[in-house]
Structures are given as structure tokens and as C-alpha cells.
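Okay, here's what each chain looks like letter by letter:
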Amino acid sequence: MTRTRALPQIPAMPEQIRSEGQRMLLHVTGSLAAIAAEISPKTSPQSVLEWRNGQRTPSATVRPLIYAALGIPPDAWDKRPAGSTEPDPEPEPEAQRGS
């Protein structure tokens, strides 16, 4: 009997990449928990998932932590992804941002 090994789950790419910050975060390797811990002990894996999926953007207080940990500039979350011809998105109201 031949055993096959399951392939690791590869996260699905979101339908639309909304910002340069999201695009850059999609290229960060590691589990959601590992990425969250690298940013801050208070950052949840759920927040990282929402940022990756484009459901939310990081708050202004978290963006410098992301920059220090992952090298994603704070203003990248307010810019269209590299190569996009559309105008930059309007910044989200603070209520829509995730910590």
C-alpha cells in the first residue's frame, strides 16, 4: 500500500488586492499566529487574516509596529497595489480598522 502525504494548505488569494500593504502582507511567510506574534503580543491572528483578505486595514497605532516587524511602510495601506492604474483608496474610518 502506498501512502501519500497531504500537501500543506496554501491560503487562497483574495479576489481583489485593495492596497500595497495587503499585497506586501500576502508575501510574508509563516502562520497567522507567528506573524501576529512578530508584530505585537496584542495582535491577534484574526486581525492578520482580515488584513490579508482586505476586509480591514491596520489602525494607525498598529502600522508602525507592522513596519518595525515586517518592513511594510505605514502608508502602504493607503496606496493601491504596485502596478495598479486606479487612484489610491480613501483611508478607512477608524471604526473600520482592525487593531
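Residues numbered from 1 in each chain as written. Predicted model: local features only at pLDDT ≥ 70, side-chain atom pairs only at ≥ 80, totals over all residues. Heavy atoms only, no water.

Before going further, it helps to spend a moment on the overall build of the protein. For the protein, the count of helices and strands is four helices and zero strands. Taken from the N to the C terminus, the helices and strands of the protein come in the order α-α-α-α. Look at the contacts in the protein between residues 6 or more apart in sequence, and 57% of them connect residues 24 or more apart. Entry remark: accessible area of the protein is about 6800 Å², with carbon and sulfur atoms responsible for 55%. (Helix = DSSP H or I, 4+ residues; strand = E, 2+ residues; numbered from the N terminus. Contact = heavy atoms within 4.5 Å. Areas by Shrake-Rupley, 256 points an atom, 1.4 Å probe, with all protein chains shown as cover.)

For soluble globular proteins, the rule of thumb is that nonpolar side chains tend to be buried together. If you look at the biggest cluster of nonpolar residues, it comprises twelve residues: L25, V28, I35, A36, I39, V48, W51, V62, I66, I72, A76 and W77. Among the elements of the structure, α2 (32–39) and α3 (45–53) are those that each provide at least two residues to this core. Residue contacts for L25: discarding those within four places in its chain leaves I35, V48, W51, R52, L70, I72 and W77. (Core = buried A, V, L, I, M, F, W, Y, C linked by side-chain atoms within 4.5 Å. Buried < 20%, exposed > 50% of the residue type's maximum accessible area, 1.4 Å probe, protein only.)

What the rule picks out here adds up to four salt bridges. Here E50 ties to R56 by a salt bridge, and the two come within 3.4 Å at their closest N and O atoms. Using a relative accessible area of 17% as the deciding quantity, one classes E50 as buried. What makes R56 partly exposed here is its relative accessible area of 30%. Close ionic contact of D78 with R63 constitutes a salt bridge, the shortest N to O distance being 2.9 Å. One end of the pair, D78, is in the segment after α4 (63–70); the other, R63, is in helix α4, and 15 residues separate them in sequence. (Salt bridge = Lys/Arg side-chain N within 4 Å of Asp/Glu carboxyl O.)

In this structure, Q46 sits in helix α3. In this structure Q46 comes out as partly exposed when scored by relative accessible area, which is 44%. Taking the C-alpha atoms as reference points, Q46 and A33, separated by 13 residues in sequence, lie 8.5 Å from one another.

Next up on the list: the packing of α2 against α3. It is at 8 Å that the axes of α2 and α3 come closest, and there the two elements cross at 100 degrees. One way to sum up the angle between α2 and α3 is to call them roughly perpendicular. Between α2, through L32, A33, I35, A36 and I39, and α3, the contact on the second element is made entirely by P45, V48, L49, W51 and R52. Residues that form the contact of α2 with α3 fall into these classes: nine nonpolar, no polar and one charged. (Axes fitted to C-alpha atoms, helices over the stretch in contact; angles between N-to-C directions. Parallel < 35°, antiparallel > 145°, perpendicular 65-115°, else oblique. Nonpolar A, V, L, I, M, F, W, Y, C, P; charged D, E, K, R; others polar.)

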